[in-house]
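The lines below spell out each chain.
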Amino acid sequence: RERRMLALRAAAAASCAALVALSCSTQRRLVWIGWARRVLAAAEKSALRQLAARPRPASWFSGLQQSLTSEATNTVDTDPNAFTGATVYQAQHELALPYPPIHDDTEAIAGLLDLVDQRMVKAGDLVLNLGGGAFDGGPRWLEARVPGSKVITADPFRRTEAHNLAVQEQVASAGGADVVISISVLNVIAEVANRVDHIALAHAALRPGGLAYFKTWADLWPERGSGIGAADESRGTYQVRRWANAYLPEVEAVFGEGQCFADVTTNTIVAVKKGD
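Only a predicted model underlies this, so the values are computations on that prediction, with no experimental measurement involved.

1. Regarding the nonpolar core
By size, the foremost hydrophobic cluster in this structure holds 35 residues, and its most contacted members are Trp60, Leu128, Val180, Phe214, Val251 and Phe255. Looking at this core element by element, the count peaks at six residues for helix 6 (residues 192-205). Every residue in contact with Phe255, bar those within four places of it in the chain, is listed here: Ile199, His203, Leu206, Ala212, Phe214, Ala271, Val272, Lys273 and Lys274.

Next up, the structure:
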């Protein structure tokens, strides 16, 4: 209740600042707007920490309610032996601005390239592919590139309950996963609370000192990175349309400040779970 009151006070203060700014000079107005943004950012951090601290059921996906599951975005498996590189979108277009082609490093096997190139997965690691869909082409590719690693997948919509429970038991018996990967999952979850739950599950599944690796898709031009979410009700899909760094406050709320970073050049957020 106290946190809620603080958030309401912060919002009220920001609103007052906005009203005052309307009667000021342009320069002073910008100063007030900057102050209001900082107040709202602090209020957002407080609210996100409150979401992160919520108790959660023992079973990973128990009680999950997501209005748009985005299952339709997971329809094609990738043959590890046939992979030749990331899919390129909008190499040619007739848009008003000269937007560059998009080399999609957030999809299927392409979303795992940085894990290998930056040696984030090592021989002997247990890797949990959280929200990894119905197919195993990507996990098999990763296991082949990092001999001795083991990749297991859990997904609330594309895997059976029995499968997910077996994966949860495997992670628990191992003392936690060494690495949790989340490939193009955060960007298809419309609800902030559900995104935080996904991040919290990644954190809970890790061993102390383990690494979480989130890849996010910012959509196509010209909406790419706009932050204006869009739903496709007919397909049951959603796209948040954010750059990777826009998810950082949500990840920090779970892992803690100083435990994660975002790289917009690779559409990645990396977080490390604090050790015991």
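2. Focus on the pattern of salt bridges
Per the stated rule, a full pass over the model turns up eleven salt bridges. A salt bridge links Asp197 to Arg54; the shortest N-O distance between them is 2.9 Å. Taken together, the residues Asp197 in helix 6 and Arg54 in the loop between helix 2 (26-52) and strand 1 (87-89) connect sequence positions 143 residues apart. The exposure class assigned to Arg54 is partly exposed, which follows from its relative accessible area of 35%. For the salt bridge of Glu250 with Arg242, the shortest nitrogen-to-oxygen distance reads 3.3 Å. Note on Glu250: relative accessible area 2%, which makes it buried.

3. Some points on the pairing of strand 9 (residues 260-263)
Bridge count for strand 9 against strand 10 (residues 268-272) is four bridges, and the pairing is antiparallel. Bridge pairing in strand 10 links Cys260 to Ala271. Linking two consecutive strands that pair antiparallel, namely strand 9 and strand 10, is a turn of four residues; a positive phi of about 55 degrees is found at Asn267 within it.

4. Focus on the packing of helix 6 against helix 7 (residues 248-255)
Running from N to C, helix 6 and helix 7 cross one another at 45 degrees; their axes reach a closest spacing of 9 Å. Regarding the angle of helix 6 to helix 7, the classification is oblique. Considering the relative orientation of helix 6 and helix 7, their crossing is right-handed. Contacts between helix 6 and helix 7 involve Val192, Arg195, Val196, Ile199, Ala200 and His203 from the first element and Glu250, Val251, Val254 and Phe255 from the second. When its residues are assigned to classes, the contact of helix 6 with helix 7 shows seven nonpolar, one polar and two charged.

5. What to know about helix 4 (residues 137-145)
The set of residues buried in helix 4 consists of Gly137, Gly138, Pro139, Trp141, Leu142 and Glu143. Of the surrounding secondary structure, the elements contacted by the buried residues of helix 4 are helix 3 (113-117), strand 3 (126-130) and strand 4 (150-154).

6. Brief notes about the side chain of Asp125
Here Asp125 lies in the loop between helix 3 and strand 3. An unpaired buried charge is present at Asp125: no salt bridge exists, and Lys122, the closest side chain of opposite charge, is 5.4 Å distant. From its side chain, Asp125 meets the backbone nitrogen of Lys122 in a polar contact 2.8 Å long. For Asp125, the residues in contact, after removing those within four places along its chain, are Met120, Gly148, Ser149, Lys150, Asp178 and Val179.

7. Here's the deal with the packing of helix 2 against helix 6
What describes two packed helices is the angle between their axes and the distance between those same axes. Two numbers describe how helix 2 lies on helix 6: the axes approach to 9 Å, and their chain directions differ by 55 degrees. By the angle between their axes, helix 2 is oblique relative to helix 6. As helix 2 runs across helix 6, the sense of the crossing is right-handed. Every residue of helix 6 that contacts helix 2 at Leu48, Leu51 and Ala52 is listed here: Val192, Ala193 and Val196. By residue class, the composition of the contact of helix 2 with helix 6 is six nonpolar, no polar and no charged.

Basis of the calculations
- Residues numbered from 1 in each chain as written.
- Predicted model: local features only at pLDDT ≥ 70, side-chain atom pairs only at ≥ 80, totals over all residues.
- Heavy atoms only, no water.
- Core = buried A, V, L, I, M, F, W, Y, C linked by side-chain atoms within 4.5 Å.
- Buried < 20%, exposed > 50% of the residue type's maximum accessible area, 1.4 Å probe, protein only.
- Helix = DSSP H or I, 4+ residues; strand = E, 2+ residues; numbered from the N terminus.
- Contact = heavy atoms within 4.5 Å.
- Salt bridge = Lys/Arg side-chain N within 4 Å of Asp/Glu carboxyl O.
- Pairing = 2+ DSSP bridges.
- Axes fitted to C-alpha atoms, helices over the stretch in contact; angles between N-to-C directions.
- Parallel < 35°, antiparallel > 145°, perpendicular 65-115°, else oblique.
- Left-handed = near helix turned anticlockwise from the far one by under 90°.
- Nonpolar A, V, L, I, M, F, W, Y, C, P; charged D, E, K, R; others polar.
- Lys, Arg positive; Asp, Glu negative; His and termini not counted.
- Polar contact = N/O pair within 3.5 Å; in protein donor to acceptor, adjacent residues only side chain to side chain.

Interpretation note: all reported values are geometric properties and have no functional meaning in isolation.
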